[in-house]
Every structure is written in C-alpha cells, then in structure tokens.
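Examination of the molecular architecture
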Amino acid sequence: MTTAAVAAAVTRRPYRPRPGAVLAGLFLTLLAVAVVAPGLVTGVDPLAADPLRALAPPGPEHWLGTDHLGRDVLARIVYGARHSLSIGVLATGLAVTAGVLLGLAAGLSHRWVDEALARSFDVLSTFPELLLALLVIAITGPGTGNVILAIGIAQIPNYARVIRAQTFVVRRAGYVEQAVTSGLPRAAITARHVLPNVLGPIPVLATIGLGQGVIAASGLSFLGMGPQPPAAEWGAMLSEARNYLRVAWWVALFPGMAITLTVVCLTVIGRRLQRRFEGRTP
Amino acid sequence: MTATRTPEAAAGPVVPPPPGPAARRFGPALRWLGPVARRAGSGLAVLWAAATAAYGALRLAPGDTVDILIGEGADTPGIRAQIIREWGLDRPEIVQYLGYLGRLLHGDLGRSYQLQRGVGDILATQVGPTVRLTLAAAATGVLLALAVALGTAGRARRLRRAASAAELVSVSVPPFVIGILLLTVFSFTLGWFPVSGAGDPTALVLPALALGLPIAGVLGQVLREGLERALEQPFALTARSRGLTERALVARHALRHALLPAVTLVGWFTGVLLGGAVIIEALFGRPGLGQVTMLAVTGKDMPVVMAVVILSAVVYVAVSTLLDLAYRLIDPRLRSVR
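All values derive from a computational prediction rather than experimental measurement. (Residues numbered from 1 in each chain as written. Chains lettered and ligands numbered in written order. Predicted model: local features only at pLDDT ≥ 70, side-chain atom pairs only at ≥ 80, totals over all residues. Heavy atoms only, no water.)

Before going further, it helps to spend a moment on the overall build of chain A. The number of helices and strands found in chain A is twelve helices and zero strands. With the C-alpha coordinates of chain A rotated into their principal frame, the extents come out at 75 × 45 × 30 Å. Across the 282 residues that make up chain A, the buried fraction comes to 54%. Here the contacts in chain A between residues at least 6 apart in sequence split such that 72% fall between residues at least 24 apart. Counting every atom, chain A has about 12000 Å² of accessible surface; 67% of that belongs to carbon and sulfur. In chain A, 23 positive and 13 negative side-chain charges are present, and the distance between their average locations comes to 12 Å. (Helix = DSSP H or I, 4+ residues; strand = E, 2+ residues; numbered from the N terminus. Buried < 20%, exposed > 50% of the residue type's maximum accessible area, 1.4 Å probe, protein only. Contact = heavy atoms within 4.5 Å. Areas by Shrake-Rupley, 256 points an atom, 1.4 Å probe, with all protein chains shown as cover. Lys, Arg positive; Asp, Glu negative; His and termini not counted. Charge placed at Lys NZ, Arg CZ, Asp CG, Glu CD.)

Below, the structure is given as structure tokens:
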C-alpha cells in the first residue's frame, strides 16, 4: 500500500476546515488547465534557451528564475505538468482497470482460482513499488510509456485487493441473490449488479493513488528513466538542478514544490472524499 | 502490508469465523499446520513466487535470452557458449527452470557479464552501506514519530492540527526532494555536512533524514491516533483512578496499544526504505545496493536485477516473520490463541 493510502486509512476524522479542500481543488484545476492548454497559463516557451541569462535568480522578468540554459523555470514547470501528471493519471488508470478486473475475477471465481489470484497480489505487493518499476524498465528500457506501465503494474494489488474484498460482500447481498433467483445470466448479474456496487472505494483510492503515482513518476524521471531531455518533467528538472545547487537554489526548489503541492492537494481531496463516502456499505 | 494480520482477526477464534483474513492468507490447504510451519510455508511460497517472477521476466523480455543475459557486457563466442552451458539454454524449458531454482537453492545467484563477477559477490560487498542507511533512516523515522506523537496526543487542538499538517506534507514530499532541500541548506549553504560519499559518519545524517521523514509522517499519525484512542478506553480510566500519572499511564499502558497498529506498518516501511534507498543513494552519491541496481537497470544487466528482486523478497519475508513474533510479544491477548 502506498504512503498516503496508509495514512488515510488510519485517519480518524482529524478536524480540517473546508477551505483547505477548496484551495486544493483550485490548485488542481489550475494544473488541469496547464495540462490541457499550457499556453493559457504562461506565454513563455519552455524550450527557449537564452545562455546569456543562464541561472538568473527570480525577478520581474523570470518570476521563478532561469535554469542552466537560460530557460524560464516557471514555463518549464507549467509545461512539465503535462508529463508528470499524465504519467500519474495513465498509470493510475491502468492500475484501476486491471485491479478491478482481477479483483472481480478473484472474488467471483472458484476458491482455488481465488487463492491463486490473491496469492499473486500478495507476491506483487511484496516488492517495493520502485524496485518493481525498475524491473519492468530493465526489460522494456526507459521512456514515458514504460514508466506508465511500470508504475501501473506496481499499483495493481492496491485496487485488486479492495475490489476482491468488496466482491465477497456484494455477492452475498440480497439483491444479487434475487437476481440469481430470477434467472439472470451470470455475466449480466456481474455487469449490472456486482460491478457498480464494488466500485465504491475506488474514487478515494484512485485520488490518493494518483498522488503516489506522481511521486513515483517523478522519482523514476529523477533517475533518468522517464521522459528524455529536453522534455520538462518535474523529476527530470530536479535531476538537472542537482548540478547547480551551490549557485542556484531556485532551479531545484520550485519543481520540488510543484510535486509536493500537487501530491498534498490530491491527498487532501482524497481524504475529503473518504470522509464523504465513509460508512457507506455496498 | 500483506503479512499484516490484524489483531482482531487473530484474536477472534472464539467464534470460528468465516475464513477471516488470517485463514484466507495462509489458505485452506495449510490450515491444519501449526502456526510456525504455516509461517514458514507461506514465506517459502513467497520466495518461490519471487524467484519465478524474476525468471519469468527474463524469459518474457523480448529478444534472445543470451543477448539479454549479456546485457552490455563483452559479447564473445566464448561467453555465449558459457551462458548457454550455465543456464542450460540448449535444454528443455522445464529443465532450464528447475536448474535455475536448483542454483538459487545453492546460493548461486548467477554471474554479471557486465561486471565480470558473481552476482552474490557484488551484492555482498555493497549490502553494508545500504543496511546502514536504511537502519539509520528507520531509527530517525521512529524517533521523530514517537516524539511528535507523545508531544501532541491529547494536547491542544492547535498543536494537533499543526502536527497533522506536518504529517500531511511529509508523506507528500518525495524523499529526493527533501534530500535536495537538505543538501542545499546544510551542505551547500551552511557547509555542515559533506555533499556526497559515505566515508564520513556525518555523511549518513542527511540521507537518513530524507529517507526517514516520510516514515515519521505516517507513523506519527498512526501512533498519535492510537494513543488518543487508548486514552479513552476504560482501562485508562481505571489506571487514572488508581492514581497513576498521565505520563505513567502513557508509558506503561497506552503506548503498547498504540504500537500494535504501528507494527502492522513495518512491512510497508521496509518497501519504502528499500525503494527509497535507490533514489537517495543516487542523489547523495553513496555506494550501496541502490547504485548497483541503477547500474544494472541502465546496463540491462538482468542477472543482477533478478538477484535484487529476489533479495528484496527475502528481506520482506524475514521482516514479516519477525513481525508476527513481535505481535505476540506486544499483545499478550494473542499468545493464548493457537
């Protein structure tokens, strides 16, 4: 299970004012705009190098300063949102889809099939997420698509386990038994009655999982496994900034803050959703 | 989080439950075995599955297996012939697979053709710095979490909210971002700690902090909530009515309750530490398993990558076995069971 998922699972209603969730929502909306149309957020080209202004500190011309090639840090962060977030979103989508299908299959199958599947989820979650991702990358090589695949596979057990447990509850529910009695085919029961009712915890898990996906993606990019330069990915920006820490703190601080703020906002929203859905049984 | 049996589930055999998490975990086939044998059986199953998964990854990788095993190492007909002989690649699939498992059982992890050394040898020389780093990080995380939890549990609401916000941030910052900030402030600006390397004991401070902070965040939250819940229990009232001071109540009774859910997280911590160590070692230029892993992944050195996967499974199994024992030590209610 991931950091925030664990943190959220054990949270027992700490009081948090709603403005936090509103701010988080606003920030995420801004990010979404940056992903869809970065040109609306900043007019500066993230790849326009200006060697004469390399490593310029934050000022009126470049709000967050420039990097070692004189590229605008703010513009690179805005355009980088596309890489960093899309990896997280696609990896989470992959993990949710595979996790729901596998969890459903386990929960509805014969006991031995279920055992085998449940055990394979266990083994999959035995490996640290990052090591598993590196194993995938060792086979496939670096690159955006492979990072998505790697993070997605590593997160499958989080969802599959929950869906499996939900399925156990739902399939004994009265409405499912009634559907069986009225002679509906198995596939129809699964699609119409079981599936919609096991999906309850998914929004919460996926929101928090997305945050962890962004962390994992930036970590892999930091190690040089993600989008290749000159793409402005947040983790990759940090990796480049490492060489200039002595002279230019802004090159490292702002991309780091972008990652952190994104994950904080996703976690805040996830916890709010959790409190909203809490106590609802399938 | 696999190996973590919740105390409720383990304490529940008064009413023979519909297969609770514990029974489901070990499977019906193993239910008649004693707890120790069951533990060992389940651990062995995980190890076997990890070894098989690593082997499956090797065989699923596109391209010729010999090419994959050589990676970017020297490619001569002699080495090719040696690989074919060693891995039995000219023999039937099942013989190859069993031969691989057999070699693993003998502790033979294969050979890195890139580094021209035995994989076991490489890992053995590099395991020290990583163990030091992860243990230091774990200690940092636990101590920070204990300090925060003991300092804020049941205190003023403002204090608890500040702690909770700090915990939220600390689980949301990737360790390498913390590391970079620490480096900027303490190494480059203040010059208190070395920038990289592992020669100096002080070189361990910043990496351990960077790796330990996310753990402190999660653990601190769990501990504080556990403490607050324990202090509302009837036994807390009884202890207070006997005249126990609040401090003695926490130290002697409440902390033990708060530790139980925290112990559940140890398996997860192990994963965070092992995975995080790869990034932190890269950032701080420390030698260790992380560096070995990175070199192997970038150089497509499959024998080393497979060995790292198996090693992390071994660590996981060992930790979760210890965890089971720790449960029994902390919670006397579990000792009578089974």
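A word on the pattern of salt bridges. This structure, assessed with the given rule, holds eight salt bridges over all chains. The residue Arg71 of chain A makes a salt bridge to Glu240 of chain A at a minimum N-O spacing of 3.5 Å. Note that Arg71 of chain A is positioned in the loop between helix H3 (38-41) and helix H4 (73-108) and Glu240 of chain A in helix H11 (residues 234-241), a separation of 169 residues in sequence. For Glu240 of chain A, a relative accessible area of 23% puts it in the partly exposed group. One salt bridge connects Arg224 of chain B with Glu167 of chain B, and the closest N-O pair in it is separated by 2.7 Å. Highlighted residues: Arg224 of chain B in helix H10 (residues 205-231) and Glu167 of chain B in helix H8 (residues 157-172), separated in sequence by 57 residues. Taking relative accessible area as the criterion, Glu167 of chain B reaches 4% and is therefore assigned buried. Among the charged side chains, a salt-bridge network with shared partners connects Glu115, Arg119, Asp122 and Arg161 of chain A. (Salt bridge = Lys/Arg side-chain N within 4 Å of Asp/Glu carboxyl O.)

This structure, assessed with the given rule, holds six aromatic pairs over all chains. Taking the centre distance of 4.6 Å and the plane angle of 20° together, the rings of Phe222 of chain A and Phe176 of chain B count as stacked. Within this pair, whereas Phe222 of chain A is found in helix H10 (residues 202-222), its partner Phe176 of chain B is found in helix H9 (residues 175-189), the two belonging to separate chains. The exposure class assigned to Phe176 of chain B is buried, which follows from its relative accessible area of 1%. Each ring, one from Trp249 of chain A and one from Trp250 of chain A, has its centre 5.6 Å from the other, and the planes form 85°; the classification is edge-to-face. Owing to a relative accessible area of 6%, Trp250 of chain A belongs among the buried residues under this scheme. A network of ring pairs unites the aromatic residues Trp249, Trp250 and Phe254 of chain A as a single cluster. (Phe/Tyr/Trp six-rings, centres within 6.5 Å; stacked < 30°, edge-to-face > 60°.)

Across the contact, 55 residues belong to chain A and 56 residues belong to chain B. Carbon and sulfur atoms supply 74% of the area buried between chain A and chain B, which totals about 5000 Å² over both sides. On the surface where chain A and chain B come into contact, there are zero salt bridges. Counting across the chain A and chain B interface gives one residue pair in polar contact (both at pLDDT 80 or more). A per-element tally of the side of chain A that touches chain B places helix H12 (residues 250-277) of chain A first, with ten residues. Residue classes in the side of chain A that touches chain B are distributed as 31 nonpolar, 13 polar and eleven charged. (Buried area = accessible area lost by both parts, 1.4 Å probe. Polar contact = N/O pair within 3.5 Å; in protein donor to acceptor, adjacent residues only side chain to side chain. Nonpolar A, V, L, I, M, F, W, Y, C, P; charged D, E, K, R; others polar.)

Let us now look at the nonpolar core. Note on soluble globular proteins: their nonpolar side chains tend to be buried together. Counting residues in hydrophobic clusters, the biggest one holds 140 residues, and the most contacted among them are Leu134 and Leu220 of chain A together with Ile83, Trp87, Tyr100 and Met302 of chain B. Not counting chain neighbours up to four residues away, the residues in contact with Leu220 of chain A comprise Leu130, Ala133, Leu134, Ile137, Val147, Ile151, Met225 and Gly226 of chain A. Core analysis: the second largest hydrophobic core is formed by 20 residues, Leu104, Phe121, Tyr159 and Val170 of chain A among them. (Core = buried A, V, L, I, M, F, W, Y, C linked by side-chain atoms within 4.5 Å.)

Moving on to the side chain of Ser84 of chain A. Residues and elements named next belong to chain A. Checked against the element boundaries, Ser84 lands in helix H4. At a separation of 3.3 Å, a polar atom in the side chain of Ser84 contacts the main-chain amide nitrogen of Trp234. If we ignore the near neighbours within four places in the chain, the residues touching Ser84 are Val214, Glu233 and Trp234.

Residues and elements named next belong to chain B. Put simply, helix H7 (residues 119-152) and helix H13 (residues 266-284) touch, their axes get as near as 10 Å, and they point 115° apart. By the angle between their axes, H7 is roughly perpendicular relative to H13. Considering the relative orientation of H7 and H13, their crossing is right-handed. Counted together, Thr130, Leu133, Thr134, Ala137 and Ala138 of H7 and Leu273, Ala277, Ile280 and Glu281 of H13 form the full contact between these two elements. Of the residues in the contact of H7 with H13, the class split is six nonpolar, two polar and one charged. (Axes fitted to C-alpha atoms, helices over the stretch in contact; angles between N-to-C directions. Parallel < 35°, antiparallel > 145°, perpendicular 65-115°, else oblique. Left-handed = near helix turned anticlockwise from the far one by under 90°.)

As a further point, take the confidence of the model for chain B. Residue and element names in this part refer to chain B. Mean pLDDT for chain B: 78, with 86% of residues reaching 70 or above. Taken element by element, the predicted model of chain B shows its lowest mean pLDDT in helix H1 (residues 7-10) (37) and its highest in H7 (88). Complex prediction metrics read pTM 0.80 and ipTM 0.78. (pLDDT = per-residue confidence, 0-100.)

Before going further, it helps to examine a nonpolar patch on the surface. Residues and elements named next belong to chain A. A surface patch of nonpolar side chains, amounting to about 360 Å² of accessible area, comprises Leu30, Val33, Leu40 and Val41. Only helix H2 (18-36) and H3 provide two or more residues apiece to the nonpolar patch. Among the structural elements, Leu40 can be located in helix H3. (Patch = residues over 30% accessible without salt bridge, like charges linked within 9 Å, V, L, I, M, F, W, Y side chains within 5 Å.)

For the rest of this paragraph, the subject is the side chain of Thr134 of chain B. All names here are of chain B. When you line up the elements, Thr134 lands in helix H7. Accessibility expressed as a relative area gives 12% for Thr134, which makes it buried. Those residues within four positions of Thr134 in sequence are excluded, and the remaining contacts are Leu273 and Ala277.

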